[in-house]
Amino acid sequence: MIKFIAKRILQLILILFAASVIIFCMVRITPSDPVASMTQGRRITPETRAALEKEYYLDRSLPEQYVIWITNALQGDLGDSFSHRQSVNSLIAGRLPTTIQLVLMSAVLALVIAIPVGIISAVKMNSITDRLLSIFTLIFVASPVFLTAIILMLVFALHLQWFPSFGSGGSWMENFRYLVLPSLALGLNMVALISRITRSNMIEQLNSNYAMTALAKGIPYWKVVLKHCLKNAVIPVITVASIQIGSMIVGAVLVENVFALGGLGDVLIEGVKAADYPVVQGIVLMMVVVFLLINLLVDIAYAAIDPRIRLE
Amino acid sequence: MKKMIALFMALVLAVSMLAGCGSGETSETQAQTEGKDAAETGAASAEEGGATFTVALESDIVALDPAFAYDFTTNPVVNQITQGLLTFDENNELVPLLASSWEAVDDTTYVYQIRDDVTFSDGSQMTMDDVMFSIERIMNPDTASYLLWMYDNVESVEQTGDWELTVHLKSPSATWQYVFGTTAGHVISKAYYEANAEAFGTADGGLMGTGPYKFDSWTSGQEIVLTKNENYWDAEQEIAIDTLVFKIIPEDTTRVTALQTGEVDFTTSTPSDMLETLKAAENLEIQDVATLGVAFLAFNTERAPFDDVNVRKAVASAIDLNAIQESIVKEAGQVGGCLPNSSELYTINPEEWESYVDGAEYTSYDLAQAQAYLAESAYPDGFECTMVISEDSIRYAIALAIQEYLAALNITVDLVQVSSDEHTAYQFGEIYDPDGYRDYDMILASWEADYPDVSGNIEPLFASYNAGEGGSNAAVYQNEEVDALLSEQAASSDPSARNQALFQAMDLINQDTPYVFVYYPNRQATMNTAFTGFTMNSSWLWNMSFMNVHPAE
């Protein structure tokens, strides 16, 4: 087992190294000038340009810049943002909690909506209700997150005025109210997939021998559905949902932008637009690390449960 | 194991349902009160001892530091906290602020008398030490201030009396006078800077100045909060707003919604394609503000086919600017003409400029003439060319219109739509083709003068020394006669002579047609009718103030 873990960690380090090189090169592909972006095209003297280039190591060769960046990053320092004049670490630290809260709330909302929808669709398989539910969930998956977000805002913030139209609130409790619409916008996108999986698993369980036996013994139908079948059907749903959280981070970028949440997404989009290399590199690298760590933990967990995986 | 999961799921469901219901209820009641108060926020909170005024910005600020305040989101924040030796009044004229008076002793020597009754927001007196320190900090190349270029022509700055400051220039300059009216002339507290040197200008360190508001907090990507300076040095000034909040809202639709619901009271980032919606809202009032800018189509005069003056004239006379104004630009600007600026920059003897514009000859819309020009050019049968544009919706619509106008001449325009930073890189000569020319045939872009000076747009757009890498001369226009006239007026202190030199230069330029001046952009400021007392003009980058805003009766 230890050997397996060591091997996986070694792989992770190699992947991380390759990813860091790719990230570093990708942000520099567009033909933009970071100094011009910093000063937004307004005029500057050669001295200012030289001082700015020195301050951000832009006067060094690319390999040198990479080494400086990665050495500092390994020590936990992601460098300074060009356009914000503060460290990327403090940018991330200030914005990460909002993004995490948004993704978690969306996941919970998606599950709360999708699982009952899946159960109802399974129980009423091929009925009108089943069809309607599947049409509705498909609409949400087909609608871009951006559009869903704007429609929700116009309806619930502008016309009904039930929720604030932007921002993430001051206190932790207040945040819940502010994040309802953003989480819905993000979560609805996931409902279709999760409810379809719930539905197919539930159908399988409902047709299984133990469910028949339970019914034959006279246990009420709803009790068989909710107590026996749901328990078995829900496990694969959780697995899929946790993988989906990864793709939610991508959607979160758009939702944060629409609702002005001041999360990581905003600063990432802004960084891409402004050729703010340290910001883009730092945030993307952090996301890659998070992804890899989740995968590592899942792999280790699988290996712990199923010894065959260790031996392949 | 399964039981654990089931239990956990049940818990998650229960908690989230409770949270959902709970937050739903509170939000409903809160939103109702908010909705009711939206129109009367100011009045209501004023009774409770001080109003809050909320401003929407479209992006986060660069820093809380005048040395880096050189854009339309950072300056409106910094300008409330620090002030300059001079400022611009509502007619764009220079007036003293932290200085009491100033004079040009000769062409290269300017003497400033500094006020001795000014205090910082902590109550301490502003000294000459603070003034000298602030100026020297921006002049020091290690600071890497975005405004360093303004001091390019300065030989020395010295203290020449208890409250007197003298600036010696390297050569006579018609534009030096404006520098102390910008953030380059803002005074910060030296003691405060030294106590916070590392964190100065960041959310942790903030800054201290003499302005009507002082820094309270900055949450990156979300908001900046300023509070009233109780020690404001001008005792006669009444400040009705206690808390000034700047909210960062990047998405246009969201900003408009927040204005409609009353969650924010003011913005200068009014999306021009949503003006109708805003005008329909009863709680909002829109103020049109002219700018010092111009939106132009620049021809790359260095490279074929636009190195041919007849090609440039053919294109310029094929484009109907009035039609573009009426159907696309609308309230977002005024139709362009023979000058790269609107009347906002007629700052010296305006009547001379008006009569010049009336008589000036330049290439304007005339399709028959366009065909004649093209027939005379090296490409009588038309050609194919590129036009670089940004993602802006108005600019895109204009580009499509131009594409169609030029199709009539059998000129095929390939639109190259790029992100804003790439567009900046094209416009300022950072992107070259293999032959060393700027890599576009035409570019649709804009420029806005730094100072309200007659040469504010003419010099950056036409001087040949601005045609190189990083230069603002997007047409790569090079004309020695024009250069000579531009330097002549830049060194002159005779207003009328300056105007005459500029008129001659514009005559030469208009014969060469390096640019088409498409329109002179306006900006719209939107404010909730619950407040009043706000005015702004085209110098608002430097002089925007919320000092006189107060809740409406």
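Residues numbered from 1 in each chain as written. Chains lettered and ligands numbered in written order. Predicted model: local features only at pLDDT ≥ 70, side-chain atom pairs only at ≥ 80, totals over all residues. Heavy atoms only, no water.

All names here are of chain B. Segmentation of chain B into domains returns domain 1 (2-79 + 199-290 + 523-551), domain 2 (80-193) and domain 3 (293-522). Opposite the 40 residues of domain 1 that make contact, domain 2 presents 39 residues. Summed over both partners, the interface of domain 1 with domain 2 buries about 3300 Å², with 58% contributed by carbon and sulfur atoms. In terms of surface lost to domain 2, no three residues of domain 1 exceed Met208, Trp233 and Trp542, which account for 25% of the buried area on that side. At the surface where domain 1 touches domain 2, the tally comes to one salt bridge. Where Arg137 meets Asp65, a salt bridge forms, and the shortest distance between an N and an O atom there is 2.6 Å. The set of elements that each furnish at least two residues to the side of domain 1 that touches domain 2 consists of α3 (74-81), β10 (213-219), β12 (241-248) and α17 (540-543). No other element matches α3, which puts five residues into the side of domain 1 that touches domain 2. Here the residues of the side of domain 1 that touches domain 2 sort into 24 nonpolar, 14 polar and two charged. (Domains from an automatic or database assignment. Contact = heavy atoms within 4.5 Å. Buried area = accessible area lost by both parts, 1.4 Å probe. Salt bridge = Lys/Arg side-chain N within 4 Å of Asp/Glu carboxyl O. Helix = DSSP H or I, 4+ residues; strand = E, 2+ residues; numbered from the N terminus. Nonpolar A, V, L, I, M, F, W, Y, C, P; charged D, E, K, R; others polar.)

Looking now at the pattern of salt bridges. Across all of its chains, the model carries 19 salt bridges over all chains by this definition. A salt bridge links Arg95(A) to Asp60(B); the nearest nitrogen and oxygen atoms lie 3.7 Å apart. Of the two residues, Arg95(A) is situated in helix α5 (residues 88-123) and Asp60(B) in the loop between β1 (51-57) and α3; the pairing between them involves two chains. When its relative accessible area of 6% is taken as the criterion, Asp60(B) is described as buried. Between Asp453(B) and Arg498(B) there is a salt bridge; the shortest N-O distance is 2.8 Å. Pair noted here: Asp453(B) is in the loop between β19 (442-448) and α14 (458-462) and Arg498(B) is in helix α16 (residues 495-512), with a separation of 45 residues, a long-range link. Comparing Asp453(B) with Arg498(B) shows no difference in burial state: the two are buried. Through salt bridges with shared partners, a single ionic network connects Arg303(B), Asp433(B), Asp439(B) and Asp441(B). (Buried < 20%, exposed > 50% of the residue type's maximum accessible area, 1.4 Å probe, protein only.)

Across the boundary between the two partners, chain A contributes 62 residues, which contact 61 residues of chain B. Buried area between chain A and chain B, summed over both chains or domains, comes out near 5100 Å², and the portion from carbon and sulfur atoms is 61%. Taken together, chain A and chain B are joined by two salt bridges. Put simply, chain A and chain B have five residue pairs in polar contact (both at pLDDT 80 or more) between them. Only α2 (34-38), α3 (46-55), α5, α7 (145-159), α8 (172-206), α10 (221-258) and α11 (264-273) of chain A provide two or more residues apiece to the side of chain A that touches chain B. Tallied by class, the residues present in the side of chain A that touches chain B amount to 31 nonpolar, 18 polar and 13 charged. (Polar contact = N/O pair within 3.5 Å; in protein donor to acceptor, adjacent residues only side chain to side chain.)

So, about the pairing of strand β11 (residues 223-228) of chain B. Residues and elements named next belong to chain B. Both β10 and β11 contribute to a ladder of six bridges, which runs antiparallel. Each bridged residue has a counterpart across the sheet, and for Trp218 the counterpart in β11 is Ile224. A loop of three residues connects β10 with β11, the two strands running antiparallel in sequence, and Gly221 in this loop sits at a positive phi of about 80°. Here β11 runs beside β12; their pairing, made up of five bridges, is antiparallel. Bridging from a neighbouring strand, Leu226 pairs with Leu244 of β12. (Pairing = 2+ DSSP bridges.)

Below, the discussion takes up empty space enclosed by the protein. All names here are of chain B. Here the structure, examined in full by the defined rule, presents three cavities of 30 Å³ or more. Of the voids in this model, the largest cavity is the one considered here, and its volume is about 50 Å³. Lining the largest cavity are Val55, Ala56, Leu57, Glu58, Phe72, Thr73, Pro76, Phe246, Thr268, Ser269, Met544 and Phe546. Considering each element in turn, the lining of the largest cavity owes the most residues, three residues, to β1. Classifying every residue of the lining of the largest cavity by side-chain character gives eight nonpolar, three polar and one charged. (1 Å grid on protein atoms, 1.4 Å probe; cavity = no way out; pocket = protein on both sides within 12 Å on 5 of 7 lines; lining within 4 Å. Points joined across faces, edges and corners; volume = space filled by probe spheres on them.)

In this section: the packing of aromatic side chains. A complete count under the given rule lists 39 aromatic pairs over all chains for this structure. Seen in terms of ring centroids, Tyr232(B) and Trp233(B) are 5.6 Å apart; in terms of plane orientation they differ by 50°. Their pairing is tilted. For the pair Tyr232(B) and Trp233(B), a shared accessibility class is recorded, and that class is buried. Measuring from centroid to centroid gives 5.3 Å for Phe462(B) and Tyr515(B), while their planes differ by 90°, and the two rings are edge-to-face. In this pair, Phe462(B) is assigned in helix α14 and Tyr515(B) in strand β20 (residues 515-528), connecting sequence segments 53 residues apart. Owing to a relative accessible area of 0%, Phe462(B) belongs among the buried residues under this scheme. We classify Tyr515(B) as buried; its relative accessible area is 4%. In textbook terms, an aromatic cluster arises when at least three aromatic residues are bridged by ring pairs, as seen for Phe53(B), Phe246(B), Phe266(B), Phe531(B), Phe534(B) and Phe546(B). The ring of Phe68(B) has Arg85(A) lying over it, and the distance from NZ or CZ to the ring centre is 3.5 Å. Positioned above the aromatic ring of Phe72(B), the side-chain terminus of Arg523(B) is 4.2 Å from the ring centre. (Phe/Tyr/Trp six-rings, centres within 6.5 Å; stacked < 30°, edge-to-face > 60°. Lys NZ or Arg CZ within 6 Å of the ring centre and 35° of its normal.)

What follows concerns a nonpolar patch on the surface. Residues and elements named next belong to chain A. Residues Leu147, Ile151, Leu154, Val155, Leu160 and Trp162 make up a contiguous nonpolar surface patch of roughly 480 Å² in combined accessible area. For Leu160, the position within the fold is in the loop between α7 and α8. Taking relative accessible area as the criterion, Leu160 reaches 40% and is therefore assigned partly exposed. (Patch = residues over 30% accessible without salt bridge, like charges linked within 9 Å, V, L, I, M, F, W, Y side chains within 5 Å. Areas by Shrake-Rupley, 256 points an atom, 1.4 Å probe, with all protein chains shown as cover.)

Now for the side chain of Ser145(B). With respect to the helices, strands and loops of the structure, Ser145(B) is situated in the loop between α4 (128-139) and β7 (154-161). Classification of Ser145(B) as buried rests on a relative accessible area of 0%. A distance of 2.8 Å separates a polar side-chain atom of Ser145(B) from the backbone oxygen of Ala67(B). Polar contacts involving the side chain of Ser145(B) include one to the main-chain amide nitrogen of Leu147(B), which spans 3.0 Å. For Ser145(B), the residues in contact, after removing those within four places along its chain, are Thr48(A), Ala67(B), Phe68(B) and Ile138(B).

Attention now goes to the packing of α7(A) against α8(A). All names here are of chain A. Interaxial distance between α7 and α8 falls to 9 Å at its minimum, and their mutual angle equals 140°. It follows that α7 is oblique to α8 by the angle criterion. The way α7 lies across α8 gives a crossing that is right-handed. For the pair formed by α7 and α8, the contact residues are Val145, Thr148, Ala149, Leu152, Met153, Phe156 and Ala157 on the first element and Leu181, Leu184, Ala185, Leu186, Leu188 and Asn189 on the second. (Axes fitted to C-alpha atoms, helices over the stretch in contact; angles between N-to-C directions. Parallel < 35°, antiparallel > 145°, perpendicular 65-115°, else oblique. Left-handed = near helix turned anticlockwise from the far one by under 90°.)

Turning to the pairing of β12(B), a few remarks are in order. Within a regular strand, side chains alternate between the sheet's two faces. Relative to β12(B), β1(B) runs parallel, the two being bridged by seven bridges. Opposite Thr54(B), over in β12(B), you have Val245(B) as the bridge partner.

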